[in-house]
Structure formats: structure tokens, C-alpha cells
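Commentary on secondary and tertiary structure
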Amino acid sequence: MVKNQCAIKMKNVNFTYANRTEEGLRDINLTIRRGECVLLTGASGCGKTSLTRIVNGLIPHFYEGELGGDISIDGQSITSWKIDELSMKVGSVFQNPRSQFFNLDTTNEIAFGCENLGISREQIVQRVNNTVTDLQISQLMDRNIFSLSGGEKQMLAIASAYTLGPDIFVLDEPSANLDAFATNQLRSVMEKLKEEGKTILIAEHRLYYLADIADRILYMDKGRIVQEWSAKEFSKVSKEQRIEMGLRAWDLSQVQIEPNLNLSIEEQGTSVQHLSVAYTKKAPVLEDISCVMPRNRITAIIGRNGHGKSTFARCLCGLTKESSGKVFYCGNEQPYKHRCGQNYFVMQDPNYQLFSDSVIGEVELSLKRGKREKAVNVLEILSFLSLNEFAEQHPMSLSGGQKQRLAIAAGIAQSADVLILDEPTSGLDYNNMLRVHTLLDQLKAEGKEIIVITHDYEFLVNTCDCVIVIEDGAIADCYTINTENEEKLLHFFVNIKN
Amino acid sequence: MIKTDTQCVPTVAISTAVFCGGYRRTIEPRTKLLILLIVNTTSFVQNNVLCEMLCIVLITVAMLYHLSYRLVLKNLLIFGAMALLILLTLRVENTIIGMLSVVLIMARKIFPTFMFAALLMSSTQVGEMTSSLQAIHTPRQITIPIVIIMRFFPTIKEESKAILDAAKVRGIRFTFWSCLRAPNQMIEYIMVPLIMQLSVVAEELSAAAVTKGIDSDKQRTSLYQTRFGAMDLIFTLLFSANLIFALTGGGVW
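So, here is what we can say about the structure in this document. (Residues numbered from 1 in each chain as written. Chains lettered and ligands numbered in written order. Predicted model: local features only at pLDDT ≥ 70, side-chain atom pairs only at ≥ 80, totals over all residues. Heavy atoms only, no water.)

**Observations concerning a positive patch on the surface**
Residue and element names in this part refer to chain B. A cluster of basic residues, Arg70, Lys74, Lys157 and Lys161, forms a positive patch at the surface. Within the residue set of the positive patch, elements represented by two or more residues are helix H3 (69-90) and helix H6 (140-169). Topologically, Lys74 is positioned in helix H3. (Patch = residues over 30% accessible without salt bridge, like charges linked within 9 Å, V, L, I, M, F, W, Y side chains within 5 Å. Areas by Shrake-Rupley, 256 points an atom, 1.4 Å probe, with all protein chains shown as cover. Salt bridge = Lys/Arg side-chain N within 4 Å of Asp/Glu carboxyl O. Lys, Arg positive; Asp, Glu negative; His and termini not counted. Charge placed at Lys NZ, Arg CZ, Asp CG, Glu CD. Helix = DSSP H or I, 4+ residues; strand = E, 2+ residues; numbered from the N terminus.)

Right, here's the structure in full:
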């Protein structure tokens, strides 16, 4: 036989986690050739993360459980791989950029794996240099980890895996926390890896950026591989079929705008006049912003990270003070101190926002502090967000989507008029995205004003009514989402470059 | 791009110069640990003000050597305020205020140790510390926890910031009065989410560590190189002299 043509081979693999509720794997048969890029997809909790964990050895070395079947990596059975040697064969990149770095400076992070494996200093220096040239990341060197953007962090994660010289790369939802620009950055690094003939196994919800890279797409459900397509076949899968499986778009240009025809006349909502925000005296983050956000519309704020979007949102909800300018709601001025509370911020990670020991307690906590006493019924709010059956549970036992709804419930209980959501659909599969969409529509009907920061084109097109583009601390554009503006909007997402 | 040239290493102790964007003045991490020990011992055996002052002056010099001007300002202000308060409280004859001055005196006594520890944390990179410890064959079981500890301080800071923001949005205010009225609740509001977040980070971090060969049984190497220089000797001698001065009760002169 020619020197092993398959990088990864699995035969009748079954896995059950020992003490976790996550879905394991059932009857996995899979062969991945060298240099192939395989995309794993499916609804949240379908087992795709577990499959990546088998390949990088985290199952069974880190996550314990019952593992059956034959697995071989590079022709060698998984049982005979030592975990530290496996890490030179398989490089891993994880979903959360917050929790995959050990060092506080980037250079040392890239070298960290080599140091652990006892590679000599001269060799480490050479390998780090090679990584920097190959992946063209000289701008990332010698920086503090905390000063990097999300996209840069994922590049660094790839670089630090790359330095160990693996042939196989395993990525678990690498784009989950990235904006449109960073996702495009990620794509270009992935292209390079592929050109170099690396084998890539990637688990993802967001599919469009992999359209030119993936060779094969595997659809998983309940721990099984249910269906398999080549990239060409997959591009022909109809929209209806894709949505039925709960998958995100493969080609963004096929996502059609369905203009909301029964829009009522715009009602007065939040507006800002000549708003400027500066953290330091020299460089203002936002300069002289004026815009109007109608109450009965869902407004999306888009723009690159670091250009002032989140500062704008933080200022609207009273977390960052403006240096000049005014904010109005329904024609009345909203001073900085009153904004926090009237305008409610739903953070990207709802874990931060939950403080109580039960779901019902969480809502009551907000009621106590809200000014309207007992006028709102706690259970009414919970059932509106379909959380009533969890009333007595601990907030931390809820799923991600439920936590997000609970954070929103707290905002309603606080009788907030405006809800500002930061990336509500990041890392969500199609059905969960749809759920957020329905919820926001309901909230809009209830008379809440909704402002969303988002990088999710499908969600934006489905849900939002108008768009504000923030660039370099100023409003670059502002338009209604309709078929006329479709091209402009799509261009923003697909071609966004540095 | 990093340079591999180690020829240009100057005679002063220099650890990461070539890697960390050029020349960075610092003393060797092992020297810092030794001085920390000396400062600690000095604080406990000294019983005259001159000796304590000398200790503070020496640490200030060390901070100036590291160009940590903000650290100097902050620490001297705190120390000055503490000394002033002690002078004031000692003049009042009142049991409660008397107790307060005892607490302050204790705090002043251990202050030099904290001051030097602050310098150690702010001027040492994780890689330097591990490389320095590995040079004396410290086992992985000690170096890795040090990496993790040094990494977790900034993480705690970042996470706390996010939690305080979230609390503000939820209408929970951490004002002086709310902390005085319901201290346990306020602690719960910060600690519960913080610990939840940190435990998630810790688990994901350990998983990532496994894929980076942290369990390997090979002798760990290091990208950084640290070496001793003249300044290490000078600082060690200065601090040791102060210790001897403290041991003899200031009676040498």
C-alpha cells in the first residue's frame, strides 16, 4: 500500500460521555483522505463537537466515557498514540477565543506547544519564524493577548497549532464569535492551510465562508452522520431542504430579502443628536453621530469591530458616558443616568447577566428594582418567553438560548422601553436563529423598540427593518432593508476587507 | 519577525530583549524571587523606621530601574497616606481608633513585600518566569501552575469588568451604601457569576492545554532566555545589606 492515503479513519465508532449530558456518537464510519477538507454540520448538540474531540484525542484523554470502534489517525490506532505526540500530528482550534491561550503575549503563545514538547530553542525560533512567514501574521507578534480582536485571536490559535507542524487541523466552530470581517480573515488562513495540503476537519454552523474550501459536507443528527454531499452536490441542495435540516446558507447571495409589506408608519423612538464618545481626549471613538431609530422597527447596527458599534450601544444603554451630544426617546431627552434601565442591554454572553439562584428569582430581582410595582406578572413574562416550565430551575442549568431569553425577560420585568441586543445569533444554528427572529418580532409587536448589533446576514435579512452602518466612528450609511438595497448589504458582508 | 541573534545581549541582565520588541530593562526573575524573600524577612525582623524607609527607597529605585513610574507614584502615595493616618490616629486616645492604628501599623509593616510583589508581577513575563525556573530544573508540576496563575489575574480583571457592566444593566448598583447595607448579597452578585465564568474558562483552557502537549513527560524548553547580570548582583547586595542592618537592629552605625 502507498504510504497511508487516509489521514483519519473511523469504523463503527460509538461514544457515550460518562458524566455529561452532551450527545455522544453513534455508528460513525468515516474516512478522510490526506489534504481533504471536511465540513461537519448539523443542529446544536448533534455530536459534531464530539467527533472533533475524537480526532484531537480529547476523547478519551480529557472527556471520559465509553468509547467503542476502531479509530486510526495517520494509519496508527488511536490507542497507540501518546497524547503529546498526537498534538504534533493534529492541531486544534476551539470556539472560544477567551479560553485557549496560556500566555499573555502572542510570541510566547505561538511557541508554547513546542516548549511543552521539549523542542530545542533554536528549532523553536525557526518554527516560530516559519509560522509567521507562512501565515503572514507579522502584525500579530509581540502583542498582549488581551489587545487582540476576536479575528486576530483565532488567527493566533491557528498559528500556535501550526507551529507544531501538524498535518491535520481540527476546528470546532472557529467563527462562532467572529464578525463578518474576521470571518473573511479566517477564510483566507484556511485557504492557505488547504493549499499546503493540510487535512482539515471543521465543525461549523456558519457555512458560507467555507463554500470554496470544503470538499465534503457531512450532516449529523443525534450523534450519527445522516447525510453526505460533495461541495458540488451541496450547492444544489434546495433552500427548503436546507431549512428543513436546520442548516445555514451556503451561498449568501441566495438568501432572499422578504420585504415586510405591512409596515405601519414610523413611530417616534430613540434618536441621537451630535453624539460623541471619547475614552481618551485625543481620539474620540464616536464623533458627531446623529440618527433616528423608529420605535416600531428593528434596527440593525453593522460595521467592523473596533469602529465604534459597541461603544454606540454602550452609550445608548448608559454604560459609557458621552462627551457631548444628546439622546432622546419619544421626543424627551434621556440623560445619561436615566438611560441605564430604560434602555436594556442584552449581552452576547448572557451568562454574565444572570445573578439569581432561580429563573423566577431572576425576574423578581428586576421587578423589585423596576419602578412599576406589581403591575407586571412574573409568570406572564415567563410564559411570554416560554420559560414558565423552568421557573424553579437554576439559571445556569438552562441552555444558551434559554439563558438569552431569561436575560430578555429580566429586561421586560425592568419595564425597559428599548432593548439593545449584542450579537444575539452568534453561534446559533438555523432553528435557534429563527426562534430569536420570532421573539424579536413579538417584542416589536408589544411596542418595544429593538436595536441589534449583528454580523449575521441571514438573520439581518430575515428580521431587521433598517440598517445603520458605523465606520470609523461615524455613520457611513443608513437604509431600509428592501430589494433595492440588497446588493449593497450583501456587498458589505461578502467583500468586507481590512 | 523575531530575530535569532543573541550576540547583542548587553551585560545587564536581559531576558527577552530580542523577542519583546527590542531592549527591555529588567532583572532576572530568580533574582526577583530572592529579593522578594529578602524583603519579606526584612519586614519581619526590622524594628526601626530608618530600616523600613531604606527598604521602601530601595524598592523605589528598583521600580525606577524598570521604568515603572506609575507603580512608584501609586505605591508611594499609598504608603504616605498610611504613614500619615498612623501619625494622626496615634494622637487620639480612643480604643476603637487605637485598634485602627494597630491594623494600620501591621499593614505598613508588610507593605514593602506587597510593593515588591507588585513590581515582580508587572515586570515579569510568563515566559521569562518559566524559562528562569526551568534553568534550575524546576519540575513541570511547579512551572505550569505558575503560568496559569499569572494568566488568571488579568482574566479575573476582564471578567469582573463585564460582570459589573451586566449588573449595572440589571439595575444592581455596587455603591458604598448598597455594599454596607447588604454586603453578603453584593458579594454574591459578583462572586457567583465570576466563579461560573472562571470555571468555564478553566475547563476549556485545560482542554486546549492537552492539545498543546501539556501532559508531555519530556523536559520542557523555553523560547526565552534569561541570564544574570551586574544589576542582579547590585540589587541583591543592596537588599541584603538592608537585611543585615535590620538584623543588627540598626546598631551597626
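**Focus: empty space enclosed by the protein**
Residues and elements named next belong to chain A. Throughout the structure, instances matching the rule amount to one cavity of 30 Å³ or more. By volume, the largest cavity amounts to about 190 Å³. Lining the largest cavity are 20 residues, and of these Arg206, Tyr208, Arg248, Thr425 and Asp456 sit closest to its centre. Looking at the lining of the largest cavity, its residues break down into seven nonpolar, six polar and seven charged. (1 Å grid on protein atoms, 1.4 Å probe; cavity = no way out; pocket = protein on both sides within 12 Å on 5 of 7 lines; lining within 4 Å. Points joined across faces, edges and corners; volume = space filled by probe spheres on them. Nonpolar A, V, L, I, M, F, W, Y, C, P; charged D, E, K, R; others polar.)

**Comments concerning the interface of chain B and chain A**
Listed per partner, the contact involves 59 residues of chain B and 68 residues of chain A. When chain B packs against chain A, close to 5,800 Å² is buried across both sides, 58% of that on carbon and sulfur atoms. Of all residues in chain B, Val169(B), Arg170(B) and Lys212(B) give up the largest surface area on contact with chain A, accounting jointly for 16% of the area buried on that side. Taking the shortest distance from any N to any O, the salt bridge between Lys218(B) and Asp84(A) comes out at 3.5 Å. At the junction of chain B with chain A, the criterion picks out 27 residue pairs in polar contact (both at pLDDT 80 or more). At the level of secondary structure, the elements contributing two or more residues to the side of chain B that touches chain A comprise helix H5 (126-135), H6 and helix H8 (183-210) of chain B. When residues in the side of chain B that touches chain A are grouped by element, the largest group, 17 residues, is from H6(B). In the side of chain B that touches chain A, the residues fall into 28 nonpolar, 16 polar and 15 charged. (Contact = heavy atoms within 4.5 Å. Buried area = accessible area lost by both parts, 1.4 Å probe. Polar contact = N/O pair within 3.5 Å; in protein donor to acceptor, adjacent residues only side chain to side chain.)

**Comments concerning unusual backbone geometry**
Residues and elements named next belong to chain A. Each neighbour pair has its own omega, and for Ile59 with Pro60 the value is 10°, a cis peptide bond. Phi is positive for His274, close to 50°, though the residue is something other than glycine. The exposure class assigned to His274 is partly exposed, which follows from its relative accessible area of 48%. You will see that Asp288, though not glycine, has its phi angle at about 50°, which is positive. On the secondary structure map, Asp288 appears in strand E12 (residues 284-293). (Buried < 20%, exposed > 50% of the residue type's maximum accessible area, 1.4 Å probe, protein only.)

**Quick look at the sheet that holds strand E17 (residues 418-422) of chain A**
All names here are of chain A. In spatial order, the strands read E16-E17-E18-E13-E19-E20; together these six strands make up an open sheet with mixed pairing. Each end of this open sheet is capped by a strand with a single partner; those strands are strand E16 (343-346) and strand E20 (474-480). In this sheet, adjacent strand axes meet at a mean angle of 20° when their direction is disregarded. Relative to strand E18 (residues 449-453), E17 runs parallel, the two sharing five bridges. Opposite Leu419, over in E18, you have Ile450 as the bridge partner. (Pairing = 2+ DSSP bridges. Axes fitted to C-alpha atoms, helices over the stretch in contact; angles between N-to-C directions.)

**Some words on the pairing of strand E3 (residues 37-41) of chain A**
All names here are of chain A. Judged by how many residues are buried, E3 sits mostly within the fold: five of five residues are covered. Covered by surrounding structure in E3 are Cys37, Leu39 and Thr41 together with Val38 and Leu40, the residues of both alternating faces. Taken together, the four bridges between E3 and strand E8 (residues 199-203) define a ladder with parallel strand orientation. Residue pairing across strands places Leu39 opposite Ile202, the latter belonging to E8. Two elements, E3 and strand E9 (residues 216-221), share four bridges in a ladder whose sense is parallel. Each bridged residue has a counterpart across the sheet, and for Thr41 the counterpart in E9 is Tyr219.

**Description of the pattern of salt bridges**
Following the criterion strictly, the structure yields 26 salt bridges over all chains and no others. The salt bridge partner of Glu152(A) is Arg143(A), with a shortest N-O separation of 3.3 Å. One salt bridge in this structure joins Arg314(A) and Asp165(B), with 2.8 Å as the shortest N-O distance. Placement of the pair is Arg314(A) in helix H10 (residues 309-316) and Asp165(B) in helix H6, with the two residues belonging to separate chains. Residues participating in the shared-partner salt-bridge network are Arg33(A), Glu36(A), Arg216(A) and Glu228(A).

**Examining the nonpolar core**
Within soluble globular proteins, side chains that are nonpolar generally end up buried alongside one another. In this structure, Ile158(A), Ile202(A), Phe312(A), Ile408(A), Leu440(A), Val467(A) and Leu489(A) are the most contacted members of the largest nonpolar core, which totals 159 residues. Of the residues forming this core, the biggest block, nine residues, is contributed by H6(B). Here Ile408(A) is in contact with Val346(A), Leu385(A), Leu419(A), Leu421(A), Leu439(A) and Leu443(A), once residues within four sequence places are set aside. Of all hydrophobic cores here, the second largest spans 36 residues; its members include Phe15(A), Val38(A), Ile59(A) and Met220(A). (Core = buried A, V, L, I, M, F, W, Y, C linked by side-chain atoms within 4.5 Å.)

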